[in-house]
Every structure is written in C-alpha cells, then in structure tokens.
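# Results of the structural survey
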Amino acid sequence: MLGELHDTITALSTPAGESGIAVIRITGVEALDILSSIFSCNDRRRSREEWQHQRLYHGFVVDGSETIDEVMCAVMRGPDSYTGQDTVEISCHGNTLLITRILNLIFSRGARCAEGGEFTKRAFLNGKIDLIQAEAVADLIHARSELQRKVAHEQLAGVLSRKINRLADELLEMLGTIEANIDFIEEGIDTLDVQASIIILDRHLRTLEELLKDSSFSKPFREGYRVAIVGPVNAGKSSIFNRLLGENRSIVTEVPGTTRDVLREPIVLEGLLFVLQDTAGLRGTKDRIESIGVDLAESALSGADLVLFVVDASAPWTSELSTRLESLHGQQTVVALNKMDLPIRITPDQVESRFPGLSVVAVSVRTGEGLEELKKTLIEFVGGERLNWIARERIVLNSRLISILAKTRERIGALRRSFEQGAPLEILALDAREALQHYELATGKRYTADLLDNIFSRFCIGK
Ligand SMILES: Nc1nc2c(ncn2[C@@H]2O[C@H](COP(=O)(O)OP(=O)(O)OP(=O)(O)O)[C@@H](O)[C@H]2O)c(=O)[nH]1
Ligand SMILES: [Mg+2]
C-alpha cells in the first residue's frame, strides 16, 4: 500500500464551477519538479531546489511559450506539509476551462488525478494524523451545525486520539510487565501487581463506558434529528413547519388535507441539526393522492427520532386523538397545542392529565405565542444532559469507533476477569494483546486496506 505514495497526485481542491479563485493541489515526490516546469515569473524558471518551504509565489502558469493564467502558488516542503510530502497549491482563476487546462498540463508532466480523500489518506499513511483525526477532517467538511463543527474541530485537534492513546500506552506497559514476568518466571521475579492492574482496567472500563454511553446519540447528531410533524388535518402542522424554518416552504390553507407530500428541511437550533418533516394530516380518506400522503406520513412518523404532534386546541377532543397518542407510546413525543389565540376547547392541563409524562407546549402560530418554548423543548428533548456533556467533552463517536470501542470494552473486561481468576501469565498476555490491538484499530495504528478505502471514499476529490 505504501507503494502508492510514490505517485504524484493532483486535484482541484475547491468546488468546481465559476469562482473568484480555484485551488489546485499537487503532492508527491515530483510536485516541485512539476511546478518548476509550468510556473514562470518574470520569464524566470525556478529549479526544484529553489522553492522555499511555506512561501507564496506570484507568477504565471505557462505551457511552453503560452501563458495560461496569472496565479499565486504556495509551496510546502515535506515532511512539514498536510500530506507529509512536497505539496504545491496553485490559486488560479475559477473557471472550468482554465482549471481543466492547468490540470491537463500537470497530468502531462507526470501527475495523476487524486482519488477522493487521497491527500488526507497520505497524511494518515505518512503519520501526520491518525485515523480518528482523518475521520474528523471529513466530519469538518460535512459539518452542518455549529456543534458538529466544534466536535469535528476538537477531534481533529486530537482530543479523542490522546484519550485513546493514553489508554493504549497504559495497556502496552501492562503487557510489557506481564511478558517480563513470563520471561523471568524461573528466576522468581514477580513485578506484576494484580490488584493495581485491576484498578487500572476498571479505569479503562469507566472511560470506555463514558465514551460509549451516548452511542445512540451519534447518528442523529451527525445526520440531524428527524422530527416528524404529524397530527390531524388542519391542525396547523405546515404553519408550525414554516414558522420553525423561518420561510413559507409548505402550502398553508384552511382546506383540510392541503399537505400530501413529506417536506423535509434542515434547521439548526442552538447549534444542533434537526431535519423537520411536514406531513399530510392523519385521517382516513378516499382521495387516492391524499391516502398515499397519509402512508408517507405514517412512515415518516415511525422513522422519526422525535414526534411533534400538532393538535388544534380550538377543536373538540376526539377519541381518534386519544388512540393516536396512545399508539405513539415508546416514541419521544412533544404535543404542540396550536391555535391558542382562538377560543380553546382543549387545555394543556387536560392533555397532560390524560397522558401523564407527555410534554405539551401551548402555541399559536398566528400570535407567535409559545414558539420559543417549543424550540427549547425540541432541544431539551434530543439533547438535554447529553448536550452538556458534548459541550464539555466535545466528543461524539462515529459508528466505526462505537463498534471498535464496544469490542475493546469486552476485551478489557475479559482481561480483568482473567486477572481476577488468577489466570496464567500466558493467558493474561493473550488477553492484553487482544485488547491492545483493538485500541490500535481505533486510532489506526493497525488497519486494513478495506478499512481505509471505506473511510476515505467518504471524502471529496481534492481533500
Ligand atoms: N387562528 C389560528 N389559525 C391558525 C394557526 N395556525 C394555523 N392556522 C390556520 O389553520 C389552517 C390550517 O393550517 P395548516 O398549517 O395548513 O394546517 P395543516 O395541519 O398543515 O393542514 P393539512 O396540511 O391540511 O393537514 C390555515 O388556515 C392556517 O392559517 C393559529 O395558530 N391560529
Ligand atoms: Mg399541511
């Protein structure tokens, strides 16, 4: 795999299309030679040796005697660069034809097109960052909320890596002691303190537990909490959807059955990403199109992380409402009692007493009453305690780490049991080695080609 590091690769690192500036990146052993062959300033070419580290050069990209574009060019010499290899970033004008022309010129000088994530993959293979940090690069690029950005930033800075590396180092030391005892057993040297080892392992288990306890939070944190806005027709679902979005995205009319499709829009509240879904009013209907809409609403509802059930407070309570709310048992549900500006026939107290434990917020889209409280309730519901923890620790595991660290926890548990049961040193060594391997899989000290492909395929070209 390291063989692939010998290629010089290039790609456009900014989005394609028209822009003020576009950045083309080149990295690899021939990056500086290629630059020398295509860059000219005042009719002077620089040799490979002349390019200075962390310098910005102004000049022209030239193809033989033809000048192609006026550019700025940043030079980072390896190993002190993003990829660990000589790297060049050419800032040219942002035009597709021009970019293609320059890229073709670079190809003709021996570079090949970089694959998605290949620059970051090189950074990993050259030991500039570990796998956890490489994943954070993708997270940072894809971050859609402020909290996602902060978490990705801390992860890139190595907060999580350091935590896991500390555990791995400690375990490595323990393994060393166990192995030393195996070697010197005949001489009667016994430096292995079983009780102290168990205390250390308990600390590992606590740390892993803490990291894993919010696993269920991981997916919605990354992808956004799916909030299904459901309820009877005409309750004001689309009105609430629009109000939370801050734009008139969904059609609102007094005609019951206005919404048929599921409309999905992301919003960010207090740095948290939500995906709001406006749905068709739940009712039995003979209208074929509306009935498809109701089916879609049902599936949005069952796949939601949180149900926002909208009820018209000015309409009488129905047995259907009771049945519906009962059927939501087990799903996180907030009831928005809407149209509080009208003479009301249902009070929040009535709903709460019928359904103890249910969160009810009185709102009126017309007057704006209760909408801030509704937002707070949404945040509280999905985040609550966990948000405080994230704000403090800035760690949210991804699914790969959840699965590896869960296995690590099992292995550490097994090692602890072996200590407790007074297992022979060979068994202790075996258990410790296995646990250590899992820590190393987490940070990427140990990896497979498949794993890397899987991770870096999530990246865009040019990163
Ligand atoms: N007085 C009052 N009217 C409201 C309020 N919210 C919505 N409405 C009105 O109620 C009617 C229905 O609103 P929608 O938002 O379309 O209701 P919906 O639940 O999406 O309806 P369907 O899509 O048909 O299921 C419209 O005429 C709105 O103007 C409110 O807080 N107060
Ligand atoms: Mg609607």
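Residues numbered from 1 in each chain as written. Chains lettered and ligands numbered in written order. Predicted model: local features only at pLDDT ≥ 70, side-chain atom pairs only at ≥ 80, totals over all residues.

This paragraph deals with the overall build of the chain. Looking only at helices and strands, the chain features 17 helices and 13 strands. The C-alpha atoms of the chain give 29 Å as radius of gyration, which overshoots the globular expectation for 463 residues (23 Å, by more than 25%). Across its three principal directions, the C-alpha atoms of the chain cover 80 × 80 × 35 Å. Counting every position in the chain, which comprises 463 residues, the buried fraction comes to 37%. Sequence-distant contacts, at least 24 apart, represent 66% of the contacts inside the chain between residues at least 6 apart. (Helix = DSSP H or I, 4+ residues; strand = E, 2+ residues; numbered from the N terminus. Rg over C-alpha atoms; globule rule 2.2 N^0.38 Å. Buried ≥ 20, exposed ≤ 12 C-beta atoms within 10 Å, placed from the backbone. Contact = placed C-beta atoms within 7 Å.)

This part covers the site of ligand 1. Looking at ligand 1, there are 22 residues lining it, with Gly236, Ser238, Ser239, Thr259 and Gly281 nearest. Examining the composition of the shell around ligand 1, we find that three residues originate from one element, helix α9 (residues 237-245), more than from any other. (Near = placed C-beta within 6 Å.)

Before going further, it helps to examine the packing of helix α3 (residues 118-125) against helix α4 (residues 131-142). Viewed as axis vectors pointing N to C, α3 and α4 meet at an angle of 160°, and their least axial separation amounts to 9 Å. Taken as axis vectors, α3 and α4 run roughly antiparallel relative to one another. Crossing handedness for the pair α3 and α4: right-handed. Facing Thr120, Ala123 and Phe124 of α3, the residues of α4 in contact are Leu131, Ala134 and Val137. Among the residues forming the contact of α3 with α4, the class breakdown is five nonpolar, one polar and no charged. (Axes fitted to C-alpha atoms, helices over the stretch in contact; angles between N-to-C directions. Parallel < 35°, antiparallel > 145°, perpendicular 65-115°, else oblique. Left-handed = near helix turned anticlockwise from the far one by under 90°. Nonpolar A, V, L, I, M, F, W, Y, C, P; charged D, E, K, R; others polar.)

Glancing now at helix α7 (residues 194-212). Across its 19 residues, α7 extends 27 Å between first and last C-alpha, which sits within 8% of the 27 Å expected from 1.5 Å per residue. Buried residues of α7: Leu201, His204, Leu208 and Leu211, and no others. The buried residues of α7 all sit within an arc of 75° when viewed along its axis, so they share a single face. Away from its buried face, by an angle of more than 90 degrees, α7 presents the exposed residues Gln195, Ala196, Ile199, Asp202, Arg206 and Glu209. Buried-residue contacts for α7 involve α6 (159-183) and α15 (399-420). (Expected span 1.5 Å × (residues − 1). Arc of directions from axis to C-beta.)

Here Arg366 lies in the loop between β13 (359-362) and α13 (371-382). Taking the C-beta count within 10 Å as the criterion, Arg366 has 14 such neighbours and is therefore assigned partly exposed. Taking C-alpha positions, Arg366 is 9.8 Å from Ile240, a pair spaced 126 residues apart along the chain.

Right, let's talk about the domain arrangement of the chain for a bit. Looking at the chain, the domain boundaries give domain 1 (2-129), domain 2 (134-214 + 396-444) and domain 3 (223-386). For domain 1 versus domain 2, the distance between C-alpha centres works out to 40 Å. (Domains from an automatic or database assignment.)

It is worth spelling out the sheet that holds strand β8 (residues 225-230) at this point. One open sheet accounts for six strands, arranged β9-β10-β8-β11-β12-β13; its pairing is mixed. Each end of this open sheet is capped by a strand with a single partner; those strands are β9 (263-269) and β13. Between one strand and the next, the sheet's axes are offset by a mean angle of 25°, whatever the strand orientation. As paired strands, β8 and strand β11 (residues 306-312) are joined by four bridges and run parallel to one another. Bridge pairing in β11 places Ile229 opposite Leu308. (Pairing = 2+ DSSP bridges.)

Here we take up α4. Here α4 is 12 residues long and its end C-alpha atoms lie 17 Å apart, about the 16 Å a rise of 1.5 Å per residue gives. With nine of its 12 residues buried, α4 lies for the most part within the structure. Leu131, Ile132, Gln133, Ala134, Glu135, Ala136, Val137, Ala138 and Asp139 are the residues of α4 that are buried. Buried residues along α4 sit in contact with α3, α5 (146-156), α6, α16 (425-443) and α17 (449-456).

The subject of this paragraph is the pairing of β13. Alignment of strand β12 (residues 333-338) against β13, held across four bridges, turns out to be parallel. Directly across from Val335, in β13, lies its bridge partner Val360. For the crossover from β12 across helix α12 (residues 348-354) to β13, the handedness is right-handed. (Right-handed = clockwise from strand over helix to strand, strands pointing away.)

Attention shifts here to the confidence of the model for the chain. Residue-level pLDDT values for the chain average 93, and 98% of them are 70 or greater. Strand β6 (residues 87-94) holds the highest mean pLDDT among the elements of the chain, 98, whereas helix α14 (residues 384-393) holds the lowest, 72. (pLDDT = per-residue confidence, 0-100.)

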